[in-house]
Protein chains: 4
Amino acid sequence: MSFNTFGRVFRFTTWGESHGPALGAVVDGCPPGIALSEADIQPWLDKRRPGTSRFTTQRREPDAVRILSGVFDGRTTGTPISLMIENVDQRSKDYSDVAKAYRPGHADYAYDAKYGFRDFRGGGRSSARETAARVAAGAIARLVVPQVRVRAWVEAIGGDAIDPARFDDAQIDQNPFFCPDIAAASRWERLVDEARKSGSSLGAVIACEATGVPAGWGAPLYAKMDSELAAACMSINAVKGIEIGDGFAAAALSGEANADPMRPGAPETGGGPEFLANHAGGIAGGIATGQPITLRVAFKPTSSILTPVETIGPDGVATTIATKGRHDPCVGIRGVPVVEAMVALVLADQALLHRAQCG
Amino acid sequence: MSFNTFGRVFRFTTWGESHGPALGAVVDGCPPGIALSEADIQPWLDKRRPGTSRFTTQRREPDAVRILSGVFDGRTTGTPISLMIENVDQRSKDYSDVAKAYRPGHADYAYDAKYGFRDFRGGGRSSARETAARVAAGAIARLVVPQVRVRAWVEAIGGDAIDPARFDDAQIDQNPFFCPDIAAASRWERLVDEARKSGSSLGAVIACEATGVPAGWGAPLYAKMDSELAAACMSINAVKGIEIGDGFAAAALSGEANADPMRPGAPETGGGPEFLANHAGGIAGGIATGQPITLRVAFKPTSSILTPVETIGPDGVATTIATKGRHDPCVGIRGVPVVEAMVALVLADQALLHRAQCG
Amino acid sequence: MSFNTFGRVFRFTTWGESHGPALGAVVDGCPPGIALSEADIQPWLDKRRPGTSRFTTQRREPDAVRILSGVFDGRTTGTPISLMIENVDQRSKDYSDVAKAYRPGHADYAYDAKYGFRDFRGGGRSSARETAARVAAGAIARLVVPQVRVRAWVEAIGGDAIDPARFDDAQIDQNPFFCPDIAAASRWERLVDEARKSGSSLGAVIACEATGVPAGWGAPLYAKMDSELAAACMSINAVKGIEIGDGFAAAALSGEANADPMRPGAPETGGGPEFLANHAGGIAGGIATGQPITLRVAFKPTSSILTPVETIGPDGVATTIATKGRHDPCVGIRGVPVVEAMVALVLADQALLHRAQCG
Amino acid sequence: MSFNTFGRVFRFTTWGESHGPALGAVVDGCPPGIALSEADIQPWLDKRRPGTSRFTTQRREPDAVRILSGVFDGRTTGTPISLMIENVDQRSKDYSDVAKAYRPGHADYAYDAKYGFRDFRGGGRSSARETAARVAAGAIARLVVPQVRVRAWVEAIGGDAIDPARFDDAQIDQNPFFCPDIAAASRWERLVDEARKSGSSLGAVIACEATGVPAGWGAPLYAKMDSELAAACMSINAVKGIEIGDGFAAAALSGEANADPMRPGAPETGGGPEFLANHAGGIAGGIATGQPITLRVAFKPTSSILTPVETIGPDGVATTIATKGRHDPCVGIRGVPVVEAMVALVLADQALLHRAQCG
């Protein structure tokens, strides 16, 4: 795994910039014989697509994916699957001021410090547009582990959290916030609208659950399931935190309160234990326990805001910058399908790794 | 990077079980010509060593490290450095009941589910004893990036946090809790003593700061500095959460409140910008900004407690287990040198990676 | 390095099938700031292009390369460079009989045995068309190590070798055989013509030399320069042998005859030694000595011949197959730019690896 | 796979120098539940052990292996297996002159050029003693693929080859040359004796055959079975050439002469085809065909000879060196168990890789 490639056995490599002609992913190590066409991938891209509501960036991209290799007669062949998405709505002129001033919180200064110069159009490689390639790859990962269901939602925006008691899975796809609590969704509508209108932005917490992961997947020590999930999620733009199960809350508990007791499972469950709690988020010692895998991811607010912020330019001279381009008032919202994709990609990889070693 | 190896260019591989004859690490890719002897490693192992206060496990291990290869005439040769630490104080009989019942929260059930059987003596490979090998490897990593200072401390135990206003770096090594707040240290003494006496356990939050990391280290997209740090820390036993900079708190902020404005730096700082805040924890777009890198890690409470917990055995039959063996009432405490080691190991790897690509 | 990716720090991933819409490569880890446009790549592709003489396959492909990412303002940005070449002249119907019978010597049976089915159009992923992607990536590798000159030629066709005494570098690009011996080139014209007309095929030996490689590149033990070159060349279609320096001939020598004595080098050469011989092919202990790196690669004859050969089909039933499609009577010829590309790719990777560890 | 680690899923890392306290290997990714003790490894080390006849180095090493981790109750646990072999008979004074003059053909100069200095005692890390660690790891690899039989022998010494018509498998272990032709063995006795007495050395060709490899193992394109075998064998000390199947001889053949026709296999063979020839060495398109895998490896003569050779020292001053230390007159002989080990290690890795992707 290196640089722009993720995974050990089921691997994907992404490429492309915000304002280049296209972006894409190469998925390598996919098992053969899996039915696959663009129709299996497009719905996930549509879920992530910009411009679908007023709460996301107004850049209009069809994000139509093409499969360029690795599929024959409608099935994967076991050879690399090349996925390409053309960029359509790049307006390079919007970003001309970014060339002259580093946007604080963005990768502008850091890229220049590393590489000596940068593609400043829309953030170049550091743009969240790259996540479209991940979502496309993630759609294939889902097909590799069809027994698993990966489901994410927004748990909080700008510090306003859902009420767990009001959690309703059916609501998640019924509002533009992927929000399982109808009351919170309605509050967020005002909150995000306000941020959008004032040129401000908001952070968010995304929760994700993967069910159907069999006990035994995962691999100690440096390929631990939690470690891989953390790397995967932390590689997403704007993510600054990740916790598995109770995470930081567990650090405040006693051993008794944090225990996940076990009982013999019902015969029809195949002999696995019944767990009485899931503080550990379905992973013990880096290996899945068979419980749902649960995690939460913190997205910082978009750094692009209308309020001028002190900064410097590549020439080292002081200036200020106010970002007027099209962007998401809350990037966390569109992070939902991206977190799902990354979790699916880790699980597909871990499934194959487990099969390699343990048959 | 796979399984029991971590890193891309500066890599280490660990081996060994809690109750085997020894444990160790092989460090590969270390630059040549670095002065190195056991005396450079031992102090860090001593910092992590069990049995140094009543607040840690009473297992008595000298944890004396031997360098078996890769050093000649007192300097690293560029070839693999093999480190070995003998296990001395294994009392296998203490763990006989573990063979018959899975300890909830431990890796017992998951290892059996994965591998079909397990070395149940002291947790085998899943024991926190393995972290001694990391600390030894981390001591070498520090020498690879001597311009960097990595420093960790305990920020909270059992939900009782330090007062940031009372932070005193000089205190950290003056108490058995690596606590920078003398008042908190004194509260924790009672707290941990109580947990120890009642056979309970407590979670903890560890904070870590790395200063001296030059702008430019780190590598988008799947070798992002935050992603590597997350993977590294999440691979430590009992860790369930990691955040960079403000982490989860940033998710509740607006873009304005989360901004890290920049000004032209003082000439004597070499031309880098002066940052007016560090919400991002010193990393933007996965690349170091030159600010201190800051992160926080959540350790769950040790799952070994005296209170009997419902569980099952390898035979699937219901039972209960109460863990009487020697263990830490708060594993987070001894996690301090381990977090430091993992952060140093990531930074050494990123330093070499950066040099590879950007000269 | 795994499956369809090659390299450790300077890495490339290829994708695409003979009869898919396109093929390509993603080059990752390229240093930033290198001037790069399609014009730097196209000449090497033209050198490999089919249909340029009657001695190669008559498939007509422009092999026009597009750079889809990783370049801004004419320079590499340090992010992944995506290269795409569209397939234009696929005649799928030519290959319909291949679906029903395994071509001996081709990957047909092995792919079916591995994957359960295969893309039989033109050999699918196992087609030598994939090497176009390598040549494109190799053109970038050359720019990463501009101090190095990589040069290959055909040394023998069908067992008829050049006369080393007649070696003339200037001849290599003057004939369709990349032959440095004008007399051999004229003999090969008849030889290959005969094979082509009779529907037969011929093997070839390619020699390659890399000059300008500084002493010190290479990395013991499992990234030895010879080991990487062997892996790289052996991954090329139809290659069945590789030797470094004197190779198999050295196995028949005594230690005295095989010695590469050294003398102090002339001051103007920068203090490196002068070597009096180069049996070792410029590599000792896996590390470059500063001498030219020399190697030879054996290409088997194309397995596609007009003479019917006994075989079976996917149904297990006996049949015979005679291959009438368009193909090279001697694949080794077009192997010349491919060997050059693979050697350049290894050297670029080793250059960056060396810089990582040894500064 | 990097530096001192080999393999993708079944991986091993070696460490240690000729004159350090010990050397070893860490085997990672081994499937759990395999019966393993030192007794499974020691016979292979004994086969490679120095000092067993007058035709090998007179260094006396028991090469007793210890398993330090990864085995419990006599079975592999799935966690890393640490193997250690102590060095007993290091006579460092023998090598003092090597500090002052580079031995041509050895890694001395190249290591200094790379690392700035070197462990000159017995060649340090570049010594063939490192291969003991490979042989130990290879013994475990054999247990991972018990259906496979890997068998190597010496095919030629100093250019004097066996007569294929006299090949007798039973002879291989009956003479100190691993020679399957009793007449050649007797000639080699004189040949090697003469080289030994005169302080000269001889090259050798080793042949190796792996039977029982099922069709389907191997993975295009850069993990091709031939590519992995080439990398593995070329990483062995003194190896300068590798060919699969007919190798370089195939380059002189026509397509007709090189064909491997197929017929329907006998029902009792499980439906696989019967092959009428094996020019390809059991690999097509990088994937095993089910035929025996055959390869040949060229070992150069030991560079350590009594005849003084011109050279320079680290100070750049001209001198000569004659190597008087203990060494093999023909390193190829003891290369037999090493080639076997490397082939077994590749096959174990490929077996697990195949299982990962193709179930």
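Residues numbered from 1 in each chain as written. Chains lettered and ligands numbered in written order. Predicted model: local features only at pLDDT ≥ 70, side-chain atom pairs only at ≥ 80, totals over all residues. Heavy atoms only, no water.

Concerning the overall build of chain A
Piece 1. Counting secondary structure elements, chain A contains 6 helices and 18 strands.
Piece 2. For a compact globule of 359 residues, the expected C-alpha radius of gyration is about 21 Å, and chain A comes in at 21 Å, within 12% of that figure.
Piece 3. C-alpha extents for chain A along the principal axes are approximately 65 × 50 × 35 Å.
Piece 4. Burial analysis of chain A (359 residues in total) assigns 68% to the buried set.
Piece 5. For chain A, contacts bridging at least 24 residues in sequence account for 69% of all contacts bridging at least 6.
Piece 6. With an accessible surface of roughly 10,500 Å², chain A has 52% of that area assigned to carbon and sulfur atoms.
Piece 7. Here chain A contributes 37 positive and 40 negative side-chain charges, whose respective centroids are spaced 5 Å apart. (Helix = DSSP H or I, 4+ residues; strand = E, 2+ residues; numbered from the N terminus. Rg over C-alpha atoms; globule rule 2.2 N^0.38 Å. Buried < 20%, exposed > 50% of the residue type's maximum accessible area, 1.4 Å probe, protein only. Contact = heavy atoms within 4.5 Å. Areas by Shrake-Rupley, 256 points an atom, 1.4 Å probe, with all protein chains shown as cover. Lys, Arg positive; Asp, Glu negative; His and termini not counted. Charge placed at Lys NZ, Arg CZ, Asp CG, Glu CD.)

Here we look at the environment of Asp173(D)
Residues and elements named next belong to chain D.
Piece 1. Take Asp173: it is sitting in the loop between β9 (160-161) and α4 (182-197).
Piece 2. C-alpha separation for the pair Asp173 and Arg48, spaced 125 residues apart in sequence, amounts to 12 Å.
Piece 3. Excluding residues within four positions of it along the chain, Asp173 makes contact with Lys47, Arg151 and Phe178.
Piece 4. Within the structure, Asp173 has its side chain in polar contact with the side chain of Arg151 (distance 3.2 Å). (Polar contact = N/O pair within 3.5 Å; in protein donor to acceptor, adjacent residues only side chain to side chain.)

Points about the packing of helix α7 (residues 331-358) of chain B against helix α7 (residues 331-358) of chain C
Piece 1. Running from N to C, α7(B) and α7(C) cross one another at 135°; their axes reach a closest spacing of 7 Å. If you check the angle between α7(B) and α7(C), you find them oblique. Regarding α7(B) and α7(C), the two cross each other, and that crossing is right-handed. Of α7(C), the residues touching α7(B) (which contributes Leu352(B), Arg355(B), Ala356(B), Gln357(B) and Cys358(B)) are Leu352(C), Arg355(C), Ala356(C), Gln357(C) and Cys358(C). (Axes fitted to C-alpha atoms, helices over the stretch in contact; angles between N-to-C directions. Parallel < 35°, antiparallel > 145°, perpendicular 65-115°, else oblique. Left-handed = near helix turned anticlockwise from the far one by under 90°.)

Describing the UniProt feature "binding site: FMN" (unreviewed entry) in chain A
Piece 1. The sites that carry the UniProt feature "binding site: FMN" (unreviewed entry) are, in the present numbering, Arg125(A), Ser126(A), Ser127(A), Asn237(A), Ala238(A), Gly285(A), Lys300(A), Pro301(A), Thr302(A), Ser303(A), Ser304(A) and Arg326(A).
Piece 2. For Arg125(A), a relative accessible area of 3% corresponds to the buried category.
Piece 3. Excluding residues within four positions of it along the chain, Arg125(A) makes contact with Asn4(A), Thr14(A), Trp15(A), Gly16(A), Glu17(A), Tyr111(A), Glu130(A), Leu221(B), Thr79(C) and Pro80(C).
Piece 4. Along the chain, the position of Ser126(A) falls in the loop between α2 (108-115) and α3 (131-144).
Piece 5. Not counting residues up to four positions away in its chain, the partners in contact with Ser126(A) are Ala107(A), Tyr111(A) and Asn237(A). (UniProt positions renumbered as here; feature names shortened; annotations may be inferred.)

Re the interface of chain B and chain A
Piece 1. The partner chain A presents 103 residues to the 104 residues of chain B that form the contact.
Piece 2. For the pairing of chain B and chain A, the buried interface totals around 7,800 Å² over both sides, and the portion due to carbon and sulfur atoms is 63%.
Piece 3. Scanning the region where chain B abuts chain A turns up 4 salt bridges.
Piece 4. Between Glu310(A) and Arg263(B) there is a salt bridge; the shortest N-O distance is 2.7 Å. (Buried area = accessible area lost by both parts, 1.4 Å probe. Salt bridge = Lys/Arg side-chain N within 4 Å of Asp/Glu carboxyl O.)

Regarding the relation of the copies chain C and chain D
Piece 1. For the pair chain C and chain D, the relating rotation is 180°, the translation along its axis is 0.0 Å, and the fit reaches an RMSD of 0.0 Å. The superposition of one copy onto the other is thereby described by a two-fold rotation axis. In terms of proximity to the rotation axis, the leading residue of chain C is Ala231(C), whose C-alpha is 2.4 Å off the axis.
Piece 2. Both copies share a contact surface, since 100% of the interface residues of chain C are interface residues in chain D too. (Least-squares fit on C-alpha atoms with pLDDT ≥ 70 in both.)

What about the sheet that holds strand β4 (residues 65-67) of chain C?
All names here are of chain C.
Piece 1. With antiparallel pairing, 5 strands are arranged side by side in an open sheet as β1-β2-β3-β7-β4. Each edge of the sheet is formed by a strand with only one pairing partner; in this case those strands are β1 (5-6) and β4.
Piece 2. Alignment of β4 against strand β7 (residues 81-86), held across 3 bridges, turns out to be antiparallel. The residue bridging Val65 from the neighbouring strand is Ile85, located in β7.
Piece 3. On top of the sheet, helix α4 (residues 131-144) reaches β2 (11-16), β3 (22-28), β4 and β7; it is set at about 30° to β3, its chief contact. (Pairing = 2+ DSSP bridges.)

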